[in-house]
Amino acid sequence: MQRLMPYVAFPLVLVGGLLLCYSLFAPLEEPALAPFVVMLCWTIPWMLLLEWWTPFRQQWTESHGDVLTDTIYLFLIQSLWPRLLSAIWITLLASATIWFSENFNFFSGQAWPQDWPLLAQLVLALVLAEFGRYWVHRWAHEISFLWRFHAVHHSAERLYWLNAGRFHPVEKILLHIPETVPFILLGANAEVLALYFVTTGIHGLFQHSNIRLKLGPLNYIFAMAELHRFHHSKIIRESNTNYGNNLIIWDLVFGTFYWPKDREVTEIGLLNPEYPKGFIGQLKAPFHKGKLDKPADYASNPEKYQ
């Protein structure tokens, strides 16, 4: 079973989570609550079990003084902050849609294919959201101003399920837009959005997990841990690859897919050893005038950062 688990763990938890989410729609009467139940009662227990049972790297099982910081990020920035942002987008966009519809007969907010099977709607949502997430993420590595906020995510010195939520709240705003705004404008239903957030929640925890995973051909579909660990590499030519959030398809399309099958990632994290490790320090870090370690001139001088 332990030899088999690296191949089946992610598909098992993902499919089980989606089925559980679907089964909760009727009894909860509020689809938006279903992802929280799935994450707390299904996904997190699996993560704890699998990281203990079949870790990818033993030294990553030991605390780096990061558990409290990552717990704060997971609940404040990854869970509560997006709910507030969604309420803001819904209010603003609903008003804008009504105004355009009444004055220009321009848009009615009913373009989403509601008659498609729910699974097909989920695939469409993943592909659409992934396109925007890909470019926001890629620009965060290529534009110095955006990197200052994204560096918070790369400050993790080990990968384990809890630091999947380590994002600066400013960057979270940018990442949240392609995950919500298109679906509000197109009129996507609450059920498909719930399934989307279950998928991205489960995938995100596995993507950053310290679990021995072997997805084989599925690595050409999902942006899973085998690929994403290279994205956290201290070698910048490796970290500037595999930008996918859930799917890796846009990395394949735009030439940033990276999967050396003959080795594993070595060191991860930032080059700057003085980067803050606490939550408050990391909130302030992007506004600090000191030099950060991600060079804006990497594209013109890559040899300097090998």
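Residues numbered from 1 in each chain as written. Predicted model: local features only at pLDDT ≥ 70, side-chain atom pairs only at ≥ 80, totals over all residues. Heavy atoms only, no water.

J.: Provide a residue-level description of the overall build of the chain, including the pertinent values.
T.: A count of helices and strands for the chain gives 11 helices and 0 strands. When the helices and strands of the chain are placed in sequence order, the string is α-α-α-α-α-α-α-α-α-α-α. By residue count, 51% of the 306 residues in the chain fall in the buried class. Long-range contacts, defined as pairs at least 24 residues apart, comprise 74% of the intrachain contacts of the chain with a sequence gap of at least 6. Of the roughly 14,800 Å² of accessible surface on the chain, a fraction of 67% belongs to carbon and sulfur atoms. (Helix = DSSP H or I, 4+ residues; strand = E, 2+ residues; numbered from the N terminus. Buried < 20%, exposed > 50% of the residue type's maximum accessible area, 1.4 Å probe, protein only. Contact = heavy atoms within 4.5 Å. Areas by Shrake-Rupley, 256 points an atom, 1.4 Å probe, with all protein chains shown as cover.)

J.: Describe in detail the side chain of His203, supporting the description with residues and values.
T.: Assignment of secondary structure puts His203 in helix H7 (residues 190-207). Separated by 3.1 Å, the side chain of His203 and the backbone oxygen of Asn245 make a polar contact. (Polar contact = N/O pair within 3.5 Å; in protein donor to acceptor, adjacent residues only side chain to side chain.)

J.: Tell me about H7, residues and numbers included.
T.: In a regular helix each residue adds 1.5 Å, so 18 residues correspond to 26 Å; H7 covers 25 Å between its end C-alpha atoms and thus fits that length. Most of H7 is tucked away: 14 of the 18 residues are buried. A distance of 3.2 Å separates the backbone nitrogen of Glu191 from a side-chain oxygen at the start of H7, and that oxygen is part of Asn189. (Expected span 1.5 Å × (residues − 1).)

J.: Tell me about the nonpolar core, residues and numbers included.
T.: Counting 43 residues, the largest nonpolar core has Phe10, Cys21, Ile202, Phe206, Leu213 and Met224 as its most contacted members. Residue assignment for this core shows that the elements contributing at least two residues are helix H1 (5-28), helix H2 (34-53), helix H4 (118-142) and H7. In terms of residues, this core owes the most to one element, H1, which gives 9 residues. Those residues in contact with Leu213 that sit more than four places away from it in its chain are Pro6, Ala9, Phe206, Met224, Ala225 and Glu226. (Core = buried A, V, L, I, M, F, W, Y, C linked by side-chain atoms within 4.5 Å.)

J.: Could you give me a rundown of a nonpolar patch on the surface, with the residues and numbers involved?
T.: A cluster of nonpolar side chains, Met1, Leu4 and Tyr7, forms an exposed patch at the surface whose accessible area comes to about 370 Å². Take Tyr7: it is sitting in helix H1. (Patch = residues over 30% accessible without salt bridge, like charges linked within 9 Å, V, L, I, M, F, W, Y side chains within 5 Å. Salt bridge = Lys/Arg side-chain N within 4 Å of Asp/Glu carboxyl O.)

J.: Can you tell me about the pattern of salt bridges, naming the residues and giving the values?
T.: Going through the model one piece at a time under the given rule, you end up with 7 salt bridges. Residue Arg138 is joined to Glu142 by a salt bridge in which the shortest nitrogen-to-oxygen separation is 2.9 Å. Taken together, the residues Arg138 and Glu142, both in helix H4 and 4 residues apart, mark about one turn of the helix. Assessed through its relative accessible area of 17%, Arg138 is described here as buried. You can call Glu142 partly exposed: its relative accessible area is 44%.

No statement about biological role is implied by the geometric values presented.
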